[in-house]
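Chain residues, written in single-letter form:
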Amino acid sequence: MGFPILSFLTFFPLLGVIAVLLLRRTDIGLIRWTAAFFSFVPLVASIFLVAGYDTSTSAIQFIERHAWFPQINVTYYLGADGLSVPMLFLTALLSFISIIASFGIKERVKEYFAWFLLLEVGMMGVFCALDFFLFYIFWEIMLVPMYFLIGVWGGPRREYAAIKFFLYTLFGSLFMLVAILALYFTTGTLDMMELIAKNAMYGHSFQLWVFAAFFIAFAIKVPVWPFHTWLPDAHVEAPTAVSVILAGILLKMGTYGILRVNFPMFPEATKYFSIPIAILGLIGIIYGALVSMAQKDLKKLVAYSSVSHMGYCMLGMAAITTVGVSGCLFQMFSHGVITGALFLLVGVIYDRAHTREIAAFGGLGAKLPVYTGIFTLFGMASLGLPGMSGFVAEFMVFVGSFNSPFIERWIVILAVLGVILTAGYILRMIQKMFLGQFNTKWENLTDINGREIFTVFPLAVFTLLIGIWPNSLNVFLKATVENLVKIFGN
Amino acid sequence: MIHNGWLIPLFPLISFLMIVFVLKKNQKASSYFAIAMVLISLVLSFILFIEMLADGHAYHKFVNWLSWSDFELPMGIFIDPLTAVMLIVVTIVSSLVHIYSLGYMHGDPRFSRFYAYLSLFTFSMLGLVVAGSYVLILVFWELVGLTSYLLIGFWFEKKIAADAGKKAFVTTKLADLGFLLGLMLLLFAAHTASIPELNELIESGHAPMTLIGIAGILMFMGACGKSAQFPFHVWLPDAMEGPTPVSALIHAATMVAAGVYLTARMMGIILVSEAMATVVATIGAITAVMAASIGLVQNDIKRILAYSTVSQLGYMIMALGLGGYTAGSFHLFTHAFFKALLFLGAGSVIHAVHTNNIQEMGGLHGKMKITSITFLIASLSIAGIFPLSGFWSKDEIFAVAYDGGHYFFLAAGIAAAFMTAFYMFRLYFLTFTGTPRDRHAYDHAHESPLNMTIPLMILAVLSVCAGWWGIPWLEHGYGSFVKFGHHAHHAEPNIALMAGSLLVAGSGIGFAYLVYRKKVISAEAIGARFKPLYKLLYNKYYFDELYMAAIVNPTYKITEIFFRFDQVVIDGIVNGAAKLTLWWSWAKERFDTYVIDGAVNGAGYLSLAIGRVLRRTQTGQLQTYALVVFIGAVILIFMKFIRI
Amino acid sequence: MGQLSLYHFLALGAVLFALGVFGLLTRRNAIGILMAIELLFNAAAINFVAFAKYVDPNGLAGQAFAIFIITVAAAEAAVGLAIVMLIYRNFRGIEVDKINFMKW
């Protein structure tokens, strides 16, 4: 047992919350930099985590385990494996970037950053908790800051969006709570690893029911069609940085949860449900893309594209092959990076033009060449252009699911259509915003500034790195994914 | 150099990065750096080519890109004679276009960016050529698509250019779905996408041939998109909205030929089944004839050339479908030079007269001698006049069709060849000879600067000589270098066939001469005579309208419907649930107010009411009180007595 | 007629008491009421003394009570008259039926 790095990652931002709260509310500059510091340190720590991770084994690493409530067999149990290490890193990265991107927030700055850091605590916690009690606590903790961040600093319909988001997720959490209790009363433990080890114990129908309960909880977060309608509202109303976190991290918790809980604990049910999951993924891909195409609001377009992209995740995991599940994890990381960047870029133009209506722009390419270039880069990444992470992820999902013994091939063939639809709406958006005659109404727009470039730059680096050299991410996933798929024995 | 083939694409990439991050402000530096880098690639390609001529063996090298215990996806390079030839073609045309653009793009505000895009394209195209796995081919395949998109829409202020870029991207992407599906099927069936491994597997005969065959036809769909074959040909004519050097490089010589290159690469897969080969050949033949017929009546100089490109690509595809690996790739080789020359010549003309419409030109020969002469050479070459390049390569294709007994395809080829000769010379005569039809444009016309005419001259030389490499009498010619399998394809020289093809080309030119030079036959009269046919051709068989009505508009409709569904049904359910809950809570609130709280408050009200009545007894009259006390006392006493 | 018996005294007490009650309830003048109260006191005192004489001749309790009653009556008269004086000052009259401001 060395340095408790996972606890450090999780609770260091909590110190930040306290530090920010102790500052005077008028010291805006100091508050900003304090928040930045308290999110930067976890980023550095997460780099150490990545560097210290042993990629050769699928065993849980960095374990921290202490008795907590021995009366009900609850332990404080943190650990990381190939599923969580990339996510922890992504969380640290996006949190830091989002905080930098939030420097433009002018109202109630102190509360904003305090909530934001608390949000980071919850997110980190979810990705490293290995005890259901702890997991559930972190899962719920996250909701509160998110609710306030949307509800206070959001757009015109923020109350509606915040409440919708909160209730939707809480609705799912109920199912999760029931499922956790069911597991607890069956086995007497809340330790995930132990529950996985005991997975042969569960009866067939028990597996199906508990799987379904967990799945609903996670599916709402992903969001899987038809549980997705909170997403466009929340994304559109949330301030830029919160949209980044929503798209980049929160959605991933759903897929992470399914892979962490549903798959290894209920392999039989997973096989049983793999076709429905794949079909839900397919619907998400096609439906999300089609609805994206109909959008007139830039942010809403990106939001719906998330529904489509997370559909690939669902399809990939439903395949239950090494390639498919890796594709799902790739898509999680890649979507976090790309869509995070797209939201940041939407925020950049919104800050300047105070509108997000696609049709209001036009010909910006001539006036804002750098912004256009960066936007086009991420737009292309989003539509799966090779050389960038989105392509690798989608390709792996397709190949993996096509080779899968568990799902029907026509699902995959239809899902491929999503690629062309994605190309359609991304190109239409780029054309309407950046190409064509310059709309002189925007004569005074300024190009993207240094701070904003600083926020998207690391995301571009990771998009390209994974796109060109996917092994850089795959080494972390490989052992864990292979171990996971082995459970299904094909 | 063969072993370091991966270096060749790298230099244009360096140039792209340098321009984007460092040089972009300095137009001169950007362009010269890009030219220097592409010239290095050109030199390296030549070295590789010469080594390959001497060696002749395919070379491949792979590295681990993605791997799991049960699946591997290595990436690497594969270099064989076809690669060497393609490298030469791409680097030569690209270098010349780089130089030509110095003049053509002079003064454009986005000059540096143009060179960045050119470099990126060159990188992707070279990468595509050396790629050793179909997955890697797909990667570069999409990248060339991206640069094509960026360059078509280079003057994006013009809506038509932006639209054309999008159309090109989406159309080819649609075709690429086939490529992607084919690749998935290939990986499923053969567990590898590496070209050398796949070739070995097919040769060994232990592969699931049916599945691989289906995969091949799906991947061929991708090739159809890139090479603008029927029914995906609609994007290429629109792509002419891009700057002319781009049309020459991407949409004539290299990228559109990528589909042909891919089809050639997949030769082993295509030849697995007769049916599939027939499909390929048929699509090629349809495209060749259809595009040539459209080309007969168009008036935009670049669009005529675009349809000509589509038609010539159809030739190549047809040749490959008929098993003519050598013939198809050889035509690709020669076509690249004369078609690039035609486009650059057209660019030179447009540069001079600032219009694309050939009806507004005429008589330019006197003003632009170099352009006119080189254009004439290229026209003769594409028409297939002895002894220019086009003659030899076209003859190869006819020979393949004739030797294989595919007379239908031979007829299609000859028909297309006649039309090609006709529309090329219609174009030539209308542009360069006769009297100027637009005086103003004519007066301002001038010969282009040297940096534009020198590439024209170099390409003219290549248009004449490149084909000599494939003269059938040659002992160690093209046929023994680029060959499928282990045996050189050696078509017996067929003098009769050659004479026939020369006759067809000659009659096409002669017909054009009579109509447009001598005006013995009136073009208007023919047009009026066959009016329905003329309209059909002029409107390009209404493909655009058909696709618009059958695919694009319904898609938009569907998106609206789905969005409505999302808002009305799904959100309706969610909001309905919320409303129901709200109603329920409202009802509960009423219950609370009126029933539960009613009971509590009611008790209070009741006491108040009673008090209100009873307080009437409080008169404030002491004597009344005393009376009551007294009466009470009396009653008590009486009760006492009555009780006891 | 013979000797005076207890009943004669009781009857006198009862008559006095009845007169007192009547006066108490009917007089409108506060002074009259006070006087009626005095009658009540005296009726009670007569009863005490009578019972002391006839029921317990050796005891002095009855006489003692009578003394108390006289004292209390005096005190009552003093306080009562003082109140009447104040009432008169405030209301310019001592008719009790007019002084009903203590009602609801």
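Treat the numbers as computed from the prediction; the structure is a model and nothing was measured.

Trainee: Tell me about helix H16 (residues 369-383) of chain B, residues and numbers included.
Mentor: Residue and element names in this part refer to chain B. Spanning 15 residues, H16 covers 21 Å between terminal C-alpha atoms, matching the ideal 21 Å at 1.5 Å per step. Within H16, 11 of the 15 residues are buried, which leaves it mostly tucked inside the rest of the structure. For H16, the elements touching its buried residues are helix H14 (301-321), helix H15 (325-353), helix H17 (389-403), helix H18 (407-432), helix H20 (450-465) and helix H22 (495-517). Positive phi appears at Gly384, one or two residues downstream of H16, with a value of about 90°.

Trainee: If you had to explain the nonpolar core to someone new, which residues and values would you point to?
Mentor: In this structure, A:Leu88, A:Leu345, B:Leu183 and B:Ala340 are the most contacted members of the largest nonpolar core, which totals 423 residues. The greatest single-element share of this core, amounting to 18 residues, is contributed by helix H6 (residues 159-190) of chain B. Those residues in contact with A:Leu345, other than ones at most four positions away along the chain, are A:Ile374, A:Phe375, A:Phe378 and A:Val456.

Trainee: Explain the pairing of strand E2 (residues 74-80) of chain A residue by residue, including any values.
Mentor: Residue and element names in this part refer to chain A. Bridge count between strand E1 (residues 61-69) and E2: six bridges; the pairing is antiparallel. Within E2, the residue paired with Glu64 across the bridge is Leu78. A loop of four residues connects E1 with E2, the two strands running antiparallel in sequence, and Asn73 in this loop sits at a positive phi of about 65°.

Trainee: Hey, could you go over the interface of chain B and chain A for me, with residue numbers and the actual values?
Mentor: Listed as interface residues are 37 residues of chain B and, on the opposing side, 39 residues of chain A. Of all elements in the fold, only strand E1 (59-68), helix H5 (134-152), H6 and helix H25 (543-614) of chain B reach the threshold of two or more residues within the side of chain B that touches chain A. The element best represented in the side of chain B that touches chain A is H6(B), accounting for 13 residues. When grouped by side-chain class, the residues that make up the side of chain B that touches chain A number 24 nonpolar, four polar and nine charged.

Trainee: Run through the packing of helix H14 (residues 322-353) of chain A against helix H19 (residues 450-468) of chain A, naming residues and quoting values.
Mentor: All names here are of chain A. Packing of H14 against H19 brings their axes to within 9 Å, and their N-to-C directions diverge by 150°. Considered as vectors, H14 and H19 are oriented roughly antiparallel to each other. In the packing of H14 onto H19, the handedness of the crossing is left-handed. Where H14 abuts H19, its residues Phe333, Ser334, Val337, Ile338, Gly340, Ala341, Leu344, Leu345 and Val348 lie against Glu452, Thr455, Val456, Leu459, Ala460, Phe462, Thr463 and Ile466. Looking at side-chain class alone, the contact of H14 with H19 contains 12 nonpolar, four polar and one charged residues.

Trainee: Can you break down unusual backbone geometry residue by residue, with the values?
Mentor: Among all residues save glycine, negative phi is the norm, and among peptide bonds the norm is trans. A:Trp225 connects to A:Pro226 through a cis peptide bond whose omega is 5°. Its location among the elements puts A:Pro226 in the loop between helix H9 (204-221) and helix H10 (230-237). Located in the positive-phi region is A:Arg108, a residue other than glycine, with phi close to 45°. Residue position: A:Arg108 is located in the loop between helix H3 (84-101) and helix H4 (109-128). The phi angle at B:His354 is positive, at roughly 55°, despite the residue not being glycine. Within the secondary structure, B:His354 is located in the loop between H15 and H16. The exposure class assigned to B:His354 is exposed, which follows from the 12 C-beta atoms found within 10 Å.

Trainee: Talk me through the arrangement of the chains; I want residue IDs and the actual numbers.
Mentor: With two pairs of chains in contact overall, the greatest share of contacts is found between chains A and B. Between chain A and chain C there is no contact, and the shortest C-alpha to C-alpha separation is 55 Å.

Trainee: Outline the interface of chain B and chain C, supporting the account with residue identities and numerical values.
Mentor: Across the contact, 10 residues belong to chain B and 10 residues belong to chain C. Counted by class, the side of chain B that touches chain C contains four nonpolar, five polar and one charged residues.

Trainee: Lay out the packing of helix H1 (residues 7-23) of chain B against helix H4 (residues 111-130) of chain B in plain terms, naming residues and giving numbers.
Mentor: All names here are of chain B. At their nearest, the axes of H1 and H4 sit 8 Å apart, and the two run at 155° to each other. Put simply, H1 runs roughly antiparallel to H4. The element H1 and its partner H4 pack so that their crossing is left-handed. Side by side, H1 and H4 meet where Ile8, Pro9, Pro12, Leu13, Ser15, Phe16, Ile19, Val20 and Leu23 of the first sit next to Ser112, Tyr115, Ala116, Ser119, Leu120, Thr122, Phe123, Leu126, Gly127 and Val130 of the second. Tallied by class, residues from the contact of H1 with H4 come to 14 nonpolar, five polar and no charged.

Trainee: Kindly report on the environment of B:Trp469, identifying the contributing residues and their values.
Mentor: All names here are of chain B. Its location among the elements puts Trp469 in the loop between H20 and helix H21 (478-481). Looking at Trp469, the number of C-beta atoms within 10 Å reads 19, which means it is partly exposed. The sequence separation of Trp469 and Gly479 amounts to 10 residues, and the corresponding C-alpha distance is 8.8 Å. Setting aside anything within four residues of it in sequence, one finds Trp469 in contact with Gly477 and Tyr478.

Trainee: For the confidence of the model for chain A, give the residues involved together with the corresponding values.
Mentor: This prediction gives chain A a mean pLDDT of 90; 100% of its residues lie at or above 70. Least confident of the elements in chain A is helix H15 (residues 364-367) of chain A, whose mean pLDDT is 84; most confident is H3(A), at 93.

How each quantity is defined
- Residues numbered from 1 in each chain as written.
- Chains lettered and ligands numbered in written order.
- Predicted model: local features only at pLDDT ≥ 70, side-chain atom pairs only at ≥ 80, totals over all residues.
- Helix = DSSP H or I, 4+ residues; strand = E, 2+ residues; numbered from the N terminus.
- Expected span 1.5 Å × (residues − 1).
- Buried ≥ 20, exposed ≤ 12 C-beta atoms within 10 Å, placed from the backbone.
- Contact = placed C-beta atoms within 7 Å.
- Core = buried A, V, L, I, M, F, W, Y, C linked by C-beta atoms within 7 Å.
- Pairing = 2+ DSSP bridges.
- Nonpolar A, V, L, I, M, F, W, Y, C, P; charged D, E, K, R; others polar.
- Axes fitted to C-alpha atoms, helices over the stretch in contact; angles between N-to-C directions.
- Parallel < 35°, antiparallel > 145°, perpendicular 65-115°, else oblique.
- Left-handed = near helix turned anticlockwise from the far one by under 90°.
- pLDDT = per-residue confidence, 0-100.

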